[in-house]
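# Chains, contacts and geometry: an overview
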Amino acid sequence: MSVVGFDIGNENCVIGAAKHRGIDVLLNEESNRETPAVVSFGEKQRFMGAAGVASAMMHPKSTISQVKRLIGLNFSQPDIQNELRVFPFKTSEGPDGGILIHLQYLGESLTLTPIQILAMLLSHLKETAEKNLETAVSDCVIGIPSYFSDLQRRAYLNAAEIAGLKTLRLMHDGTATALGYGIYRTDSSESGPSHVVFIDIGHCDTQVTVASFEAGQMKILSHAFDKSLGGRDFDEVLFNYFAVQFKEQYHIDVYSNARACIRLRTACEKLKKVLSANAEAPLNIECLMDEKDVKGFIKREEFEKLSIGLLERIRLPCNKALMDAGLTLDKINSVELVGSGSRVPAITRMLTSFFDREPRRTLNASECVARGCALQCAMLSPTFRVRDYEVQDSFPFSIGFSTEEGPICTVSNGTLFPKGQPVPSMKVLAVHRANTFRLEAFYTDQSELPSGVSPQISCFTIGPFQTSHAEKAKVKVSIQLNIHGIVSLESACLVEDQVDDPVTRGNRHSVEAGNTSRVSSDAVHNHIEDGSSLQPEPSPVSSGGGTRKKRSSRRLGIPVSENVYGGMTKADVLKAQEREVQLTQQDRIMEQTKDRKNALESYVYDTRNKLFNTYRSFATDLEREGISTNLQQTEEWLYEDGDDESERVYTGKLEDLKKLVDPIESRYKDEEARAQATRDLLKCIVDYRMAVKSLPTSDRDVVNNECNEAEQWLRDRTQQQDSLPKSTDPLLWASEIKAKTEALDMTCKHILRSKASPPRPEDNQGPDRPHTADNMHTD
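For the structure given in this document, a descriptive report is provided here.

What counts and what doesn't
Residues numbered from 1 in each chain as written. Predicted model: local features only at pLDDT ≥ 70, side-chain atom pairs only at ≥ 80, totals over all residues. Heavy atoms only, no water. Helix = DSSP H or I, 4+ residues; strand = E, 2+ residues; numbered from the N terminus. Pairing = 2+ DSSP bridges. Axes fitted to C-alpha atoms, helices over the stretch in contact; angles between N-to-C directions. Contact = heavy atoms within 4.5 Å. Salt bridge = Lys/Arg side-chain N within 4 Å of Asp/Glu carboxyl O. Core = buried A, V, L, I, M, F, W, Y, C linked by side-chain atoms within 4.5 Å. Buried < 20%, exposed > 50% of the residue type's maximum accessible area, 1.4 Å probe, protein only. Parallel < 35°, antiparallel > 145°, perpendicular 65-115°, else oblique. Left-handed = near helix turned anticlockwise from the far one by under 90°. Phe/Tyr/Trp six-rings, centres within 6.5 Å; stacked < 30°, edge-to-face > 60°. Lys NZ or Arg CZ within 6 Å of the ring centre and 35° of its normal.

### Section: unusual backbone geometry
The peptide bond linking V423 to P424 adopts the cis configuration, its omega dihedral lying at 0°. For P424, the position within the fold is in the loop between β22 (422-423) and β23 (425-433). Positive phi, normally seen in glycine, also occurs at Q66, with a value near 55°. Relative to the assigned elements, Q66 resides in the loop between β7 (63-65) and α2 (78-86).

### Details of the sheet that holds β7
Strand order in the open sheet made by the 3 strands is β6-β5-β7, with antiparallel pairing throughout. A single partner strand is all that each edge strand has here, and the edge strands are β6 (46-48) and β7. Strand-to-strand twist in this sheet, taken as the mean axis angle between neighbours without regard to direction, amounts to 15°. Pairing analysis gives 3 bridges linking strand β5 (residues 38-41) to β6, with the strands arranged antiparallel. Directly across from F41, in β6, lies its bridge partner R46. Lying on the sheet, helix α3 (residues 114-133) is in contact with β5, β6 and β7; it crosses β5 at an angle near 105°.

### Remarks on the pattern of salt bridges
Applying the stated criterion to the full structure yields 40 salt bridges. One salt bridge in this structure joins E29 and K131, with 3.1 Å as the shortest N-O distance. In this pair, E29 is assigned in the loop between β3 (22-25) and β4 (35-36) and K131 in helix α3, connecting sequence segments 102 residues apart. Linking D621 and R624 is a salt bridge whose minimum nitrogen-to-oxygen distance equals 2.2 Å. Residue D621 and its partner R624 are both found in helix α15 (residues 621-638); the two are separated by 3 residues, about one turn of the helix.

### Digging into the nonpolar core
Side chains of a nonpolar character, in soluble globular proteins, are inclined to be buried together. Counting residues in hydrophobic clusters, the biggest one holds 85 residues, and the most contacted among them are F401 and L439. Broken down by element, this core gets its largest block of residues, 10 residues, from α3. Aside from chain neighbours lying at most four places away, what touches F401 is P407, I408, G414, L416, F417, L439, E440, A441, F442, F460, I479 and V487. Membership of the second largest hydrophobic core comes to 50 residues, among which are V254, C268, I285 and I332.

### A short note on the sheet that holds strand β21 (residues 406-407)
Through backbone hydrogen bonds, the strands of a sheet pair up, either in parallel or in antiparallel fashion. Taken together, 5 strands build an open sheet; the order of strands is β21-β20-β24-β25-β32 and the sheet is antiparallel. Strands at the two margins of the open sheet, each flanked by one partner only, are β21 and β32 (560-564). With 6 bridges connecting them, strand β24 (residues 437-443) and strand β25 (residues 456-462) associate as antiparallel partners. Residue pairing in the sheet places R438 in a bridge with T461 of β25. Contacting β24, β25 and β32, helix α4 (residues 150-162) crosses the sheet at an angle of about 100° to β32.

### Quick look at the packing of helix α14 (residues 570-611) against helix α16 (residues 647-691)
Packing of α14 against α16 brings their axes to within 8 Å, and their N-to-C directions diverge by 25°. One finds that α14 runs roughly parallel with respect to α16. Handedness of the crossing formed by α14 with α16: left-handed. Where α14 abuts α16, its residues Q592, T593, R596, K597, A599, L600, Y603, V604 and T607 lie against E647, Y650, T651, K653, L654, L657, K658, V661 and D662.

### Side note on the packing of aromatic side chains
Throughout the structure, instances matching the rule amount to 21 aromatic pairs. Here the aromatic rings of F148 and Y156 are separated by 5.2 Å at their centres, their planes lie at 70°, and the arrangement is edge-to-face. Each member of the pair, F148 as well as Y156, is classed as buried. Within the aromatic cluster, the residues linked to one another by ring pairs are Y147, F148, Y156, F225, F395, F397 and Y443. In this arrangement the basic side chain of R433 is found over the ring face of F437, its NZ or CZ atom lying 5.6 Å from the centre. A cation sits over an aromatic face here: K653 above W637, 4.8 Å from the ring centre.

Below, the structure is given as structure tokens:
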């Protein structure tokens, strides 16, 4: 079983695979290391990756790209509305407030969610990996931005499940990059940890990660981000510049034409790359709109002036990451710059000014996340043995819990999992309740979240349960911030003491840090325990006489149900899986239909060429004329009425042509086979005539007679065959000569074996060794 890492970028995807000699980046069908994150719906089939990009010009309103920007977000958010205005496909608000994508497919209206589109993309990447590795792919680690909310993380897991993938971990992009950097380091200092800042400027976002490295371990100190600042924003600067210029110069409005927008944005992206290496660059697009060719020109200096606002924004997450990590610039050992949008020279100059050192590029800017994810997948999979290396990630948001009585108060001001909490982490919450109750999970600090993200996460209903006493009972709830960065309620149990303890029962207004210390509080009646250091609870000691009371308790499991706000239910996932199977089946049918059509077209051209060259002497004039007519009719049908037919029709047409051509092809092939079969029979005759020279006369005569009879049969039949024209069916087929050879061989072998004496024990001879005069023994 192979293990892979997926980097699902906003523009391109990269697949990393763990192999026994390291991590490789897999090539797609076009032999490229990056696969466009595009899904396009044609009239009868889907096109993904590079094929989706090619289809986008023909089907712009049915082509979905940049799906990463739509996952797990609310349709009505202002920044989402700004995103949707750029896309040519239609969208609307779903029942849960999410985004629905509308398009035409198979002549009908099709409504999909961003999760389903992501699942299609993951399914395509999975298929690419399986073809490349020539084995099944199931286990994977997927890179995600550190700013993803709980809902977005769940959306990625749902998409992977729909695609048939088992996600071992959702890994922050910065963490994956740091892992690929740190595990190969050999310069670990004994004087203390080294601190490295990783700046990832992608197509749509900027992420900054501060990591601490020591021998055999890595610890993430902080994550910071700007989710709306990436390479595409620099492209958009050029797009707007030339859109205004073309409106003034050519009187065309590219904003009004979806196809023109796509072409101009593609050209601006290429122009930005040219400006990264040149001081100036031209822009030329043929027939951009209204059959007008357009030309433009811009200098790098002018481009940088237009982008000054974007360049200044990069400083903000860099500064925040250092503050959250509690480090100053003099404590930073290195700055690493990665990401597809990081190649603009002005970005490097700005970062050099901020950090007082030039950023390094020791990692592959586009592949580092996929490589780190593949490496983590190998570490989590039992299939591979990886050098021991500890990876400690941190969570960038604060998460709290509340009940119907209010927030659960802790020493950290209402937060159960504070910002910077190691991932994964477990906390055990103890509450006193008499019946069913609810726990609400929420983000406690809205300022930490990206704009538009709801503070609500999920709601857990715990119960029903019954207590043996009338008063409230103690309920212990295990809450986990799991390896994906998702909050989950692992279990809930009812704890009932067999001996009444007035001391414990009276002290219900308390919070436990760990298991033994108690801090007074006037909040809800709860206890919080750090799951990483759970120990058995100590038995209470009576206040008088110093005698120890025995106390026993029993634990009863309590049912728990979860409601994720805006999330998919299990029924939704199953329905999406069924839809994906149907769409995949339709794609497979269309691919098979195209293969049959191509096979028919190829057969027409190939047969026409052979008919007047290779097969010319093996067909009569009447046969050639009839076949030529059928080939011409089939060719005309292919380009007219038969351009869009079913696989069955193409197969039928091909079979009809083969019925006409097969007899001629058989004559041609049999002539060559007949010559080889004749040579084999003659060789067999010569071999047996040589092998019987030492046999008794009677036996020798029997073998020679068999050989003479076969030779005479071959001579007579060959003379008859040679008298016939090649355009008629053979009188003597190669199969007949082969049968004659096998019969002669069987008869002669039987005679030779019956006359050979058993081998002596000291003779080291195999059973199939030829019986010649030198190894035969007679009485």
